[in-house]
Amino acid sequence: MSSTTKTQALRPDRKKSRLHLDILGLGIAVVMIFPVYWLVISSLRPNREIRSYNQTLWPTSITFDNFARAVDQPNFTTAIQSSLIVAVTAVVGGMIIATLAALAIGRFRFFGRKPLLLIMILVQMLPPTAMLIPIYAQLNAMGGIDEYWGLIVVYLVATLPFATIMIRGFVVNIPVELEESAMVDGLTRFGAFRKVVFPLLAPGLAAASIFALVNAWNEYLFAYILINDNSKYTLNVWLMTFTTERGTDYGALMAASTMIALPVVIFFMIIQKKMAAGLTSGAVKG
Amino acid sequence: MSAADTKAVGPPVPVPPDPQPTGKSSSDGDAPRVQKRKRKKGELLPYFLILPAIVAIAAVYLYPLGKTVVMSFQDMGRRELWSGEPAPWVGFEQFTNILGDSEFWWVTFRTVVFMAICVTLTMGIGLLVALLMRKLSTWVRLVLTVALIAAWSMPLMVAASIFRFMADSDYGLINTLIAKVVGEDWLGHNWYLNPIQGFGIITLLVVWGAIPFVVVTLYAALTQVPQELEEAAALDGASAYGIYKFVTWPVIKPVFTMVATLSVIWDFNVFGQIWLLRGNKPEPEYETLGLYSYSKAFESTSFSQGTAIALITVVLLSGVAVYYLRQLMKTGEVE
């Protein structure tokens, strides 16, 4: 009883302090989103405003000239093609292998299970250069430089550790009894997986694949080192072509960046809840 | 009331860091049965299932790591790379060269200081924003979440382009804004001439990019803090700081430690932000260990020097990685 009177007494004070906090929260939101706003607004404003010593926070007019220049930049379509081929192939392959491994880790207690999990977590912490130099040397010896497959293999394996750990989280949530009763009803182990487990696993698989897709889509370092052929550049490497010795075409760069970021933003909005959960256990960064 | 009392000042409530219910208990309960069934038929099945993953990880992570070790004791340059001739063995020469080079120690010092600043800022701001989020009105929290997700979803390449534009000497927004306050002198100011200022911009980019993950994760942990405990502590006259210290912090501590450890590893390995802001060719004053290794390998084409530096980095980080794994094991994440 005493608590209600106390909170009532506190209420006006609380409301006031909440208003202060709300303003602070909105301020932080503005700071966090400002670079994104600046990206979008710069891609839409006329070039004379971009190439100006007096940058203004609002555009005076809206134009799609920057987008036109970005699309006209050489190798735009081939870059989209390369990015899609590499990312999609790597993710499909990665998901198959990761699902198999996640089933094993989530459903069976076998010798070496824990070390395998630990290795998967550990390899994600290796500095990129520790991998980059030997992989470059190895692919060079195998003729994999300037070939999609070299990049695909690297991206595929890069998705494996977190995808396995993430899908495993979904596997352990599916009761074994479901599978067992399906097998009692005469289904084979594979049949039980296909008809019972897989449908329940689908949302988890979707989240893991989107996350893997975004990671492959965003990767630039291996793409930059392993692909030297302009017509095979991925989108991120293609972005670097906006900077030449004569300077950077910021308007076109911002327009191209907006186009590359847009699908990622949409995908992020779809999976953001699952991602937060998967990330704490998967130890990966977006 | 009294029960809540004792709890408030008692030992921390163990809460799984995973915000998602993992159904761990049920799988543990099933474990013996699974084992029994497995014994009967197909003891090899799990091994077949993990075989592709093991082969793939061995090929792209473990083999290169082994090769990094091997190359560090050789002298592989451009000639050996292109001719395929075996690189000559040089023993510890690469390491003695590197460790005897004062530049290496400067780079290491710079990497550690940069990492410490980035981690402190990221974790400090991240924790404050996560704590703030609980006190916000629902709609403000929603706006803030959308802003965080939008920032989080920017590809590094795009984020780096935005910051490069904002900090551009001629057409950058930052210079325009500062010039409005301080004076026209700031127009055309080049932020990268002075590495301390340049690293300021880089730190902004790194911290801005890392905060969403930290806030979302810590906020998820904070939702696990039992409200009754905090209310009980408040009724008993605990100060806001006291509540935080004895009720809130013990619950989120495991998650905070893990995120902080991950941040240490990530910020130690920062590569892209510097590389991209400096136009793919950072000046020596901007090299951290990763970039130092990269430039030795790909700019000076001394691949063995590059791998030796990378190997030293791995050794330096292994302590942090082991600590992280122990935290994971403690919280039962690896079960």
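Residues numbered from 1 in each chain as written. Chains lettered and ligands numbered in written order. Predicted model: local features only at pLDDT ≥ 70, side-chain atom pairs only at ≥ 80, totals over all residues.

A. Layout of the confidence of the model for chain B. All names here are of chain B. When pLDDT is averaged across chain B, the result is 83; 86% of the residues are at 70 or more. Averaged over each element, pLDDT in chain B is lowest for helix α1 (residues 2–9) (31) and highest for helix α6 (residues 102–135) (95). Note that pLDDT drops below 50 for residues 1–41; the model gives that stretch 54 contacts with residues more than four away or on any other chain. Of the two predicted TM-score estimates for the complex, the pTM is 0.84 and the ipTM is 0.84. (pLDDT = per-residue confidence, 0-100. Helix = DSSP H or I, 4+ residues; strand = E, 2+ residues; numbered from the N terminus. Contact = placed C-beta atoms within 7 Å.)

B. Region of interest: the domain arrangement of chain A. Residues and elements named next belong to chain A. According to the domain assignment, chain A contains domain 1 (2–63) and domain 2 (71–282). On a C-alpha basis, the centres of domain 1 and domain 2 stand 34 Å from each other. When residues of the side of domain 1 that touches domain 2 are assigned to their parent elements, the largest contribution, four residues, is made by helix α1 (residues 2–44). In terms of residue class, the side of domain 1 that touches domain 2 is made up of three nonpolar, three polar and no charged. (Domains from an automatic or database assignment. Nonpolar A, V, L, I, M, F, W, Y, C, P; charged D, E, K, R; others polar.)

C. Structural view of the confidence of the model for chain A. All names here are of chain A. Looking at chain A, pLDDT values average 85 and 89% of them are 70 or higher. Looking at the elements of chain A, mean pLDDT is at its lowest for helix α12 (residues 250–282), recorded as 77, and at its highest for helix α4 (residues 76–107), recorded as 93. Overall, residues 1–11 carries pLDDT values under 50, and its contacts beyond four positions in sequence, including any with other chains, amount to one contact. Counting interchain partners and residues more than four positions distant, the pLDDT-below-50 stretch residues 278–286 has 28 contacts.

D. Inspection of helix α9 (residues 189–218) of chain A at higher detail. Here α9(A) is 30 residues long, yet its end C-alpha atoms lie only 38 Å apart, well below the 44 Å a rise of 1.5 Å per residue gives. Where α9(A) bends most, at A:Phe198, the angle is about 50°, and the proline A:Pro199 comes one to four residues later. (Expected span 1.5 Å × (residues − 1). Bend = angle between axes of the 7 residues up to and from the residue.)

E. Main features of the interface of chain A and chain B. The partner chain B presents 94 residues to the 91 residues of chain A that form the contact. Elements supplying a minimum of two residues to the side of chain A that touches chain B: α1, α4, α5 (113–123), α6 (128–142), α7 (148–171), α11 (235–239) and α12 of chain A. Classifying every residue of the side of chain A that touches chain B gives 64 nonpolar, 20 polar and seven charged.

F. Focus on unusual backbone geometry. Phi at A:Asp146 takes a positive value of approximately 70°, unusual for a residue other than glycine. On the secondary structure map, A:Asp146 appears in the loop between α6 and α7. Taking the C-beta count within 10 Å as the criterion, A:Asp146 has 14 such neighbours and is therefore assigned partly exposed. Non-glycine residue B:Thr301 carries a positive phi angle of around 40°. With respect to the element layout, B:Thr301 can be found in the loop between α14 (289–299) and α15 (303–330). (Buried ≥ 20, exposed ≤ 12 C-beta atoms within 10 Å, placed from the backbone.)

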